[in-house]
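Chains, contacts and geometry: an overview
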Amino acid sequence: VAVITVGLGSQLAQTGWNKIRMGAFHSNKPPSSFTACSVEVFIIGENRYEEMLLDTGAAKSMIPGVKAVRTALCNGVRRIKARLSGASGETIVQDPEVSMMEFRFKDTNGPVHRTEVVLGPPGSLSILGTDFWGPSQAVIDFHANTVTIGDEIIPFKATAESIAAVKVNEAPMEARST
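Figured I'd write up the structure that's included with this text. Since the model is a prediction, treat every value here as computed from it, not as a measurement.

So, how was this worked out
- Residues numbered from 1 in each chain as written.
- Predicted model: local features only at pLDDT ≥ 70, side-chain atom pairs only at ≥ 80, totals over all residues.
- Heavy atoms only, no water.
- Helix = DSSP H or I, 4+ residues; strand = E, 2+ residues; numbered from the N terminus.
- Buried < 20%, exposed > 50% of the residue type's maximum accessible area, 1.4 Å probe, protein only.
- Polar contact = N/O pair within 3.5 Å; in protein donor to acceptor, adjacent residues only side chain to side chain.
- Core = buried A, V, L, I, M, F, W, Y, C linked by side-chain atoms within 4.5 Å.
- Phe/Tyr/Trp six-rings, centres within 6.5 Å; stacked < 30°, edge-to-face > 60°.
- Salt bridge = Lys/Arg side-chain N within 4 Å of Asp/Glu carboxyl O.
- Pairing = 2+ DSSP bridges.

Turning to unusual backbone geometry, a few remarks are in order. The phi angle at Gln137 is positive, at roughly 55 degrees, despite the residue not being glycine. With a phi close to 55 degrees, Asn145 is a non-glycine residue in the positive phi region. By the element assignment, Asn145 lies in the loop between β12 (139-141) and β13 (146-149). Exposure remark for Asn145: the relative accessible area of 26% places this residue in the partly exposed category.

Right, here's the structure in full:
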């Protein structure tokens, strides 16, 4: 039995990497430790495509503020009291500004989706977090590289070349201390 803790603190248990909902693996094997998964979206207010990290460990969705100027102007901006931290605990942004983002997934004829996004600092990653995937009741299938939301099937990239892929450098076995 594998137990996965997602960014919102809930625990999901399952047998053998077969199927979990929201933040879920659906594969015969877990994704590799250096693979990042991303989806391409068409941001309606910006009239452009953006590659966004499919991040089941992020509690909030985010887009660098410099890439969301028209979205912020159209939909307004408000400030929230929160500290957003990275995976290693570093503060990414304190009390960020947020705006609503409307988008469609690339290569689908699906509906327009709306989610609140943090306007992140320059150089930050574009992320769709659990605040979007959870309420959407997304089912993530790592075997087929798709996300299903209702009747909509969304392809995603799962490669070491994705926008946020991280390679783990391990020391040789004989160099490790015990």
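On to the side chain of Ser61, then. Among the secondary structure elements, Ser61 is positioned in strand β5 (residues 61-64). The buried category is assigned to Ser61, whose relative accessible area is 0%. Among the polar contacts made by the side chain of Ser61, one reaches the main-chain amide nitrogen of Gly129 at a distance of 3.0 Å. Within the local environment of Ser61, its side chain forms a polar contact with the side chain of Asp131, the two groups lying 2.8 Å apart.

Glancing now at the nonpolar core. Counting 24 residues, the largest nonpolar core has Phe105, Leu128, Trp133 and Val147 as its most contacted members. Put simply, the parts of the chain that give this core at least two residues each are β3 (36-43), β4 (48-54), β9 (97-105), β10 (113-120), α2 (130-133) and β13. For this core, the leading source of residues is β3, giving four residues. Of all hydrophobic cores here, the second largest spans ten residues; its members include Leu53, Ile80, Val118 and Ile127.

Before going further, it helps to examine the packing of aromatic side chains. Scanning all chains against the criterion turns up seven aromatic pairs. Measuring from centroid to centroid gives 5.1 Å for Phe42 and Tyr49, while their planes differ by 65 degrees, and the two rings are edge-to-face. Assessed through its relative accessible area of 47%, Tyr49 is described here as partly exposed. Both rings, one in Phe142 and one in Phe156, keep their centres 5.6 Å apart while their planes meet at 75 degrees; by these two values the pair is edge-to-face. Taken together, the residues Phe142 in the loop between β12 and β13 and Phe156 in the loop between β14 (152-155) and β15 (157-159) connect sequence positions 14 residues apart.

For the rest of this paragraph, the subject is the pattern of salt bridges. Here the structure, examined in full by the defined rule, presents ten salt bridges. Ionic pairing is found between Lys106 and Glu40, a salt bridge with its closest N-O pair at 3.7 Å. Taken as a pair, Lys106 in the loop between β9 and β10 and Glu40 in strand β3 lie far apart in primary sequence, 66 residues in all. We note a salt bridge from Asp131 to Lys60, for which the minimum N-O separation is 3.8 Å. Separated by 71 residues along the polypeptide, Asp131 in helix α2 and Lys60 in the loop between β4 and β5 bring together distant segments of the chain. In this structure, a network of salt bridges that share partners links the residues Lys60, Arg78, Glu116 and Asp131.

This part is about the pairing of β9. With three bridges connecting them, β3 and β9 associate as antiparallel partners. If you follow Val41 over to β9, its bridge partner there is Phe105. Across two bridges, strand β6 (residues 78-79) lies against β9 in antiparallel orientation. By the bridge assignment for β9, Arg79 is matched with Glu97. Inspection of the sheet shows β9 paired to β10 by six bridges, in the antiparallel sense. Pairing of Val98 across the sheet is with Val118, part of β10.

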